[in-house]
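# Understanding the architecture of this molecule
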Amino acid sequence: MDHISIGMLMLVVVGGFAAAFVDAVVGGGGLISLPVLLTAGLPPAAALGTNKLAGTLSSLTSTLSFFASGHVDVRAVRGLIPLSLLGAAAGTLTLRHVPSGFLKPMVVVMLTVIAVYTLLRREWGERASFVRFTASTAWLTGIAAFALGFYDGFFGPGTGSFLIFAFLLLGCDFVKAAGNAKALNFASNLASLATFLVLGSVHYAVGLLMGAAMIAGSWIGSRFAIRRGRAYIKPLFLVVCALLIGKQLLDLL
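This structure is a prediction, so every number in the text was calculated from the model and none was measured.

## Remarks on the UniProt feature "transmembrane region" (unreviewed entry) in the protein
Under the UniProt annotation, the feature "transmembrane region" (unreviewed entry) is placed at residues 7–33, 102–120, 129–148, 154–175 and 196–220. Secondary structure across residues 196–220 divides into 84% helix and 0% strand, with the first and last C-alpha atoms of the span separated by 28 Å.

## Observations concerning the packing of aromatic side chains
Applying the stated criterion across every chain yields a total of six aromatic pairs. Note on Y151 and F155: the rings are 5.8 Å apart at their centroids and 75 degrees apart in plane angle, and the pair reads as edge-to-face. Across the pair, exposure class does not vary: Y151 and F155 are buried alike. Ring centres 5.6 Å apart and planes at 75 degrees place the aromatic pair Y151 and F162 in the edge-to-face group. Here Y151, found in helix α7 (residues 135–154), pairs with F162, found in helix α8 (residues 159–170); they are eleven residues apart in sequence, far enough to count as distant. An aromatic cluster of at least three residues, connected via ring pairs, comprises Y151, F155 and F162. Cation over ring: R223 sits above W219, and NZ or CZ is 5.5 Å from the ring centre.

## What about the environment of S192?
Topologically, S192 is positioned in helix α9 (residues 174–199). Taking the C-alpha atoms as reference points, S192 and G153, separated by 39 residues in sequence, lie 5.5 Å from one another. In this structure S192 touches K52, A88, T92 and G153, once residues within four positions along its chain are discounted.

## Examining α9
In this model, α9 (26 residues) spans 37 Å end to end at C-alpha, consistent with the 38 Å of a helix rising 1.5 Å per residue. When you tally the buried positions in α9, you get 20 out of 26 residues, the bulk of the element. N-capping of α9 is provided by D173, with a side-chain oxygen placed 3.0 Å from the backbone N of V175. G200, located one to two residues past α9, shows a positive phi value of around 70 degrees.

## Here we look at the state of the cysteines
Simply put, disulfide is the name for a covalent bond between the sulfur atoms of two cysteines. Under the counting rule described, the total for this entry stands at zero disulfides. Cysteine C172 shares no disulfide, and the gap to the nearest cysteine sulfur, in C241, comes to 17 Å.

## Side note on helix α11 (residues 230–252)
Between its first and last C-alpha, α11 extends 33 Å over 23 residues, near the 33 Å set by a 1.5 Å rise per residue. Among all positions in α11, only Y232, I233, K234, L236, F237, L238, V240, C241, L244, I245 and Q248 are buried. On its buried face, α11 sits against α1 (6–26), α2 (30–39), α6 (104–120), α8, α9 and α10 (204–228).

## Concerning the nonpolar core
Soluble globular proteins tend to pack their nonpolar side chains together in the buried interior. Among the nonpolar cores identified, the biggest contains 46 residues, and V25, V26, I164, F167, I233 and F237 are the most heavily contacted of them. Sorting the residues of this core by element identifies α1, α4 (74–77), α6, α7, α8, α9, α10 and α11 as the ones contributing at least two each. Sort the elements by how many residues they give to this core and α11 lands first, with nine residues. Apart from the residues within four sequence positions on either side, V25 is in contact with I164, A178, G221, A225, Y232, I233 and L236. Formed by 13 residues, the second largest nonpolar core is a distinct cluster that contains V12, A20, L37 and M210.

## Things to note about the pattern of salt bridges
A side chain with one charge may pair with a side chain of the opposite charge, provided their charged atoms come close. For the coordinates displayed, the defined rule picks out three salt bridges. With its nearest N and O atoms 3.2 Å apart, the salt bridge here joins D152 to K52. Here K52 lies in helix α3 (residues 44–68) and D152 lies in helix α7, a separation of 100 residues in the sequence. We classify D152 as buried; its relative accessible area is 6%. As a salt-bridge pair, K247 and D251 come within 2.7 Å of each other at their nearest N and O atoms.

Here is what the cut-offs are and how they apply
- Throughout, residues of each chain are indexed from 1 in the direction in which the sequence is written.
- Per-residue local features of the predicted model are confined to residues with pLDDT of at least 70, and side-chain atom pairs are confined, for both listing and counting, to 80 or more; whole-chain, interface and lining totals are unaffected and use all residues.
- As a rule here, side-chain values come from all non-hydrogen atoms in the structure, and water together with hydrogens is ignored.
- UniProt positions are given in the numbering used here, feature names are shortened, and annotations may be inferred rather than shown by experiment.
- A run of DSSP states H or I qualifies as a helix once it reaches four residues; a run of E qualifies as a strand once it reaches two. Both are numbered from the N-terminal end.
- Each Phe, Tyr or Trp ring (for Trp, its six-membered ring) is paired with any other whose centre lies within 6.5 Å, and the angle between the two planes then decides the class: stacked below 30 degrees, edge-to-face above 60, tilted in between.
- Burial status follows relative accessibility: with a 1.4 Å probe on protein chains alone, a residue under 20% of its type maximum counts as buried, one over 50% as exposed, and anything between as partly exposed.
- Geometrically, a lysine NZ or arginine CZ counts as sitting over a ring once it is within 6 Å of the ring centre and also within 35 degrees of the ring normal.
- Only heavy atoms matter for contacts: two residues are in contact if any of them lie within 4.5 Å across the pair.
- The length a helix should cover is 1.5 Å for every residue beyond the first.
- Nitrogen and oxygen atoms within 3.5 Å of one another constitute a polar contact, given that in protein one can donate a hydrogen and the other can accept it, and given that sequence-neighbouring residues count only through two side-chain atoms.
- Disulfide assignment relies on a single distance test, namely cysteine sulfur atoms paired within 2.5 Å.
- Nonpolar cores are built from buried Ala, Val, Leu, Ile, Met, Phe, Trp, Tyr and Cys residues. Side-chain atoms within 4.5 Å join them into one set.
- By salt bridge we mean one thing: a side-chain nitrogen of Lys or Arg within 4 Å of a carboxyl oxygen of Asp or Glu.

Here it is in structure tokens:
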């Protein structure tokens, strides 16, 4: 793609801001940003890599925002970040050789279970019960961090929702779960982006433009979520799960 119109540039900016506002809290921003990049004329491979560039800037911003407000449990995530990095790099490399479409039915089932479980447990995520890792929870959370990092690099949709769910199961409240999830999501985005850069699948100009809009959207979205807390995050979490389920079902049909 050599040229892009002013109208498409505006679409990239507005779409990037909207995607990041949602993604800053519960993930799912790719539902907006990736179609925007494809509409702007990027080939699918370049759209995926460019989306990772913008998404990495977005997740960095929201991670810093949650961290500055004390909503990232550094003790919990510091050992998980390297696993997320390794998983995402492996997933992105695997994507070159194995089509990812076979995961769509599985993702629909998993997101449906997560949404129903969260909906039925009305007070879930209201108070934190996590204190420290036990031997078993450390192993299980480490496996989840690597697996979800791999999934993010290989396929992607719903990664933020899966990460939040994992931290809720660990005993975090919704705000802390969102902050921890963004920290791991930033790590997986960074590793996946590095792999796309090596493969030459990134359009820098469009990615940086969308990234700038995403920085603004991430900052505003994360600050809004931190102020509103669980009353804002849980409904948005359920809405994004429903949208992700609908998108995957449409793709299957």
